[in-house]
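Fold and geometry: a report
Residue-level listing of the chains:
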Amino acid sequence: MCPWQVQNISKCSEKSIDYSSTIPALGSNMSCSTWLVLISRGGYTQTHVSGVLKERQDQKNTLTKADKKPHLSLENHLLAFSLSAQALWVFTIPKSPRDLQQKLEILMVTVMATPWKLMRVLCYSRATLSQRVPVRGIPSDLMHVWSRTIFSNFAANTPTSNTVELHGKVYPRDDYTNVTERILSKVGRNLHNQRHHPLWLIKERIKDHFYKQYLGRFGTPLFSVYDNFSPVVTVEQNFDSLLIPQNHPSRKKEDSYYLNCTHMLRAHTSAHQWDLMHSGLDAFLVVGDVYRRDTIDRSHYPIFHQMEAVQLFSSHELFRNIKDGESFQLFEEGHRTAHKQETHTMEAAKLVEFSLKQVLTKLINHLFGDGLEVRWVDCYFPFTHPSFEMEIKYQGEWIEILGCGVMEQQLVNSAGIQDKIGWAFGLGLERLAMILYDIPDIRLFWSEDDRFLKQFCIPHIDQNIKFQPLSKYPPLINDIAFWLPSEKYSENDFCELVRNIGGDLVEKVDLIDKFTHPKTKKVSHCYRITYRHFERTLSQEEVHNVHQAIQKSAVKELGVEGRF
């Protein structure tokens, strides 16, 4: 057991705690069986933690400052430390530890420190204070105590009914708020920045390729890389700046995660395009985690990682290698066709399209090897025209890899760049990693199992590697059927509910049957939920408990009528 000094909060142990710092007088000869709730912020020595009691039932159990009552019986009390003020606060909690997680809401912890670090709320049980308790600087210690983690998530884990706290900022809840604690707990993991993680390997391989292939005038990399932007963006950044219409499906609460009506978790890394162009950049890569409400299966997860790329060209840059290039123009007043925008000349549009496809073909050949079959499928994106999806033929099947296109000139102009034209593409790191490394299930990327992670500790990022499956534990399958409410039912809402309750125990959810009653016209859905754990065999009892909770929540939260 490793000690944790109060005055040095950079050393934290979830197993034990030892205090050799001055704490206000508690009196002597004290012992207790109690719960300690503490905050740790890795790497910080200036953290202010204030405990505030929100007692709902018994106003007599008000917060009592310990040094005003030096002889306390601490059995079944909850302690919260104000580290910078060296103050100890004490109040009563229910005796049963089973309800502790729910009862923790009476302790609202306000942390005022640098916002982008992680926080852990640790619950310490059966603490024993030694008889040597400090009084005005007299040294003392607390004996080691065993602990269990109540929350081990991002610092949004002490929600109130009216706000969402994330990255040290507080967002008022409103009718748009639909982000869950399970989703917030993943924010800040930044898998793409964890060395030797498979997503980090993919990112580094792409970054290395761009650094070596595309150089500026002075031999420095042409593309700059940004991989640590906050995932919290405004609705304007995520949608409006990209010309996404007000009625576009991606704006619906069923598809995106909102903190409130003005802020959300980005649904794509394109949310940073406008700001970077507005700052004067004309060639950049953006990497980050993105959040979308989606179906549940082995290839879909509500959080995944994208890489965005943008390159803009002036007239000179685009036509300099073309014979008589000085006679060509970027812009004209024309008509929009399937092949170009109304403001672009055909020559400019075709050259930008050629540059885009050439860049992507080189990238895919770098990742997968030469000789790969590639095809381009016309598609629609609000922020590019013409737009394409790139598909590769891999192991006999055509697989969509990414989306791309010539950037809408209205978007480029609005960022203050009226004399350039450009392209953009976005790709999913998980999809590439699953194909390249034969990773069968997207949930594995969130695993902390060494048997998974150690497989990617390789000496060079371009080394070939194929994932060796972990022991395959058997699945447990349960069905759930219900009558849909008359309106406002979304399958994504049901999947979100399942994921929120079942977490990563749920491997997939399949809609296996639809039925419309011939007389009442009521519609029934039947879903098959597959449960599987990566590291152990699930018992029927624990799956039954989860499944029962899903049934009850579906009735309560979605308004369905159960057929179970």
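- As annotated in an unreviewed UniProt entry, the protein carries the name Phenylalanine--tRNA ligase, mitochondrial and comes from Alligator sinensis.
- Within the UniProt record for the protein, the comment given under Function (unreviewed entry) is "Is responsible for the charging of tRNA(Phe) with phenylalanine in mitochondrial translation. To a lesser extent, also catalyzes direct attachment of m-Tyr (an oxidized version of Phe) to tRNA(Phe), thereby opening the way for delivery of the misacylated tRNA to the ribosome and incorporation of ROS-damaged amino acid into proteins."
- The record held by UniProt for the protein lists under Subcellular location (unreviewed entry) the comment "Mitochondrion matrix".

Regarding the environment of glycine 559
- Counting through the fold element by element, glycine 559 comes out in the loop between α12 (540-558) and β23 (561-562).
- For glycine 559, a relative accessible area of 44% corresponds to the partly exposed category.
- For the pair glycine 559 and lysine 488, spaced 71 residues apart in sequence, the C-alpha to C-alpha distance is 9.4 Å.
- Setting aside residues up to four positions removed in sequence, glycine 559 forms contacts with Pro485 and Ala554.

Quick notes on unusual backbone geometry
- In this model, histidine 385 is joined to proline 386 through a cis peptide bond whose omega is -5 degrees.
- Looking at the element boundaries, proline 386 is found in strand β17 (residues 384-394).
- Non-glycine residue histidine 167 carries a positive phi angle of around 55 degrees.
- Mapped onto the fold, histidine 167 is located in the loop between β9 (163-166) and β10 (169-172).
- Histidine 167 gets classed as buried once you look at its relative accessible area, which sits at 16%.
- The backbone of histidine 196 shows a phi angle near 75 degrees, a positive value even though the residue is not glycine.
- By secondary structure assignment, the location of histidine 196 is in the loop between α2 (181-184) and α3 (198-213).

Considering the nonpolar core
- Counting residues in hydrophobic clusters, the biggest one holds 73 residues, and the most contacted among them are Ile206, Phe368 and Phe425.
- Here the element with the most residues in this core is helix α7 (residues 346-368); it accounts for 9 residues.
- Once you skip the residues sitting within four places of it in the chain, isoleucine 206 turns out to touch Met307, Leu363, Leu367, Leu427, Leu429 and Leu432.
- Leu476, Ile480, Tyr527 and Val546 belong to the second-largest nonpolar core, a separate cluster that totals 23 residues.

Describing helix α9 (residues 429-437)
- Summarising burial for α9: 8 of the 9 residues are buried, a large majority.
- All of the buried residues in α9 are Leu429, Glu430, Leu432, Ala433, Met434, Ile435, Leu436 and Tyr437.

Remarks on the pattern of salt bridges
- Going through the model one piece at a time under the given rule, you end up with 27 salt bridges.
- Where aspartate 449 meets arginine 451, a salt bridge forms, and the shortest distance between an N and an O atom there is 2.7 Å.
- Judged by its relative accessible area of 37%, arginine 451 falls in the partly exposed class.
- A salt bridge links aspartate 510 to lysine 508, with the shortest nitrogen-to-oxygen separation between them at 3.8 Å.
- For lysine 508, a relative accessible area of 30% corresponds to the partly exposed category.
- Salt bridges linked by common partners bring Arg298, Asp441, Arg443, Glu507 and Arg532 together as one network.

What about the confidence of the model for the protein?
- Per-residue confidence for the protein averages 77 on the pLDDT scale, and 71% of its residues sit at or above 70.
- Of the regions scoring below 50 in pLDDT, residues 1-160 engages in 312 contacts with residues more than four places distant in sequence or in other chains.

Considerations on the environment of threonine 269
- One can find threonine 269 in the loop between β13 (263-265) and α5 (273-278).
- What makes threonine 269 buried here is its relative accessible area of 0%.
- In this view, threonine 269 contacts Val286, Val287, Gly288, Val290, Gln306, Met307 and Glu308; residues no more than four positions away in its chain are not counted.
- Within the structure, threonine 269 has its side chain in polar contact with the side chain of glutamate 308 (distance 3.3 Å).

Focus: the packing of aromatic side chains
- All chains considered together, the criterion is met by 20 aromatic pairs.
- One aromatic cluster in this structure is built from Phe210, Tyr214, Phe223, Trp423 and Phe425.
- In this structure, arginine 499 packs its charged tip against the face of tyrosine 301, placed 5.2 Å from the ring centre.
- If you follow arginine 563 out to its NZ or CZ, it ends over the ring of tryptophan 483, 4.6 Å from the centre.

Observations concerning α12
- The terminal C-alpha atoms of α12, which comprises 19 residues, lie 26 Å apart, in line with the 27 Å expected from a rise of 1.5 Å per residue.
- If you check which residues of α12 are buried, you get Val543, Val546, His547, Ile550, Gln551, Ser553, Ala554 and Leu558.
- Turning to α12, the residues buried within the fold contact β20 (476-483), α11 (491-502) and β22 (523-531).
- Backbone geometry just downstream of α12 places glycine 559 in the positive-phi region, at approximately 75 degrees.

Reading guide: rules and limits
- Residues numbered from 1 in each chain as written.
- Predicted model: local features only at pLDDT ≥ 70, side-chain atom pairs only at ≥ 80, totals over all residues.
- Heavy atoms only, no water.
- UniProt positions renumbered as here; feature names shortened; annotations may be inferred.
- Helix = DSSP H or I, 4+ residues; strand = E, 2+ residues; numbered from the N terminus.
- Buried < 20%, exposed > 50% of the residue type's maximum accessible area, 1.4 Å probe, protein only.
- Contact = heavy atoms within 4.5 Å.
- Core = buried A, V, L, I, M, F, W, Y, C linked by side-chain atoms within 4.5 Å.
- Salt bridge = Lys/Arg side-chain N within 4 Å of Asp/Glu carboxyl O.
- pLDDT = per-residue confidence, 0-100.
- Polar contact = N/O pair within 3.5 Å; in protein donor to acceptor, adjacent residues only side chain to side chain.
- Phe/Tyr/Trp six-rings, centres within 6.5 Å; stacked < 30°, edge-to-face > 60°.
- Lys NZ or Arg CZ within 6 Å of the ring centre and 35° of its normal.
- Expected span 1.5 Å × (residues − 1).

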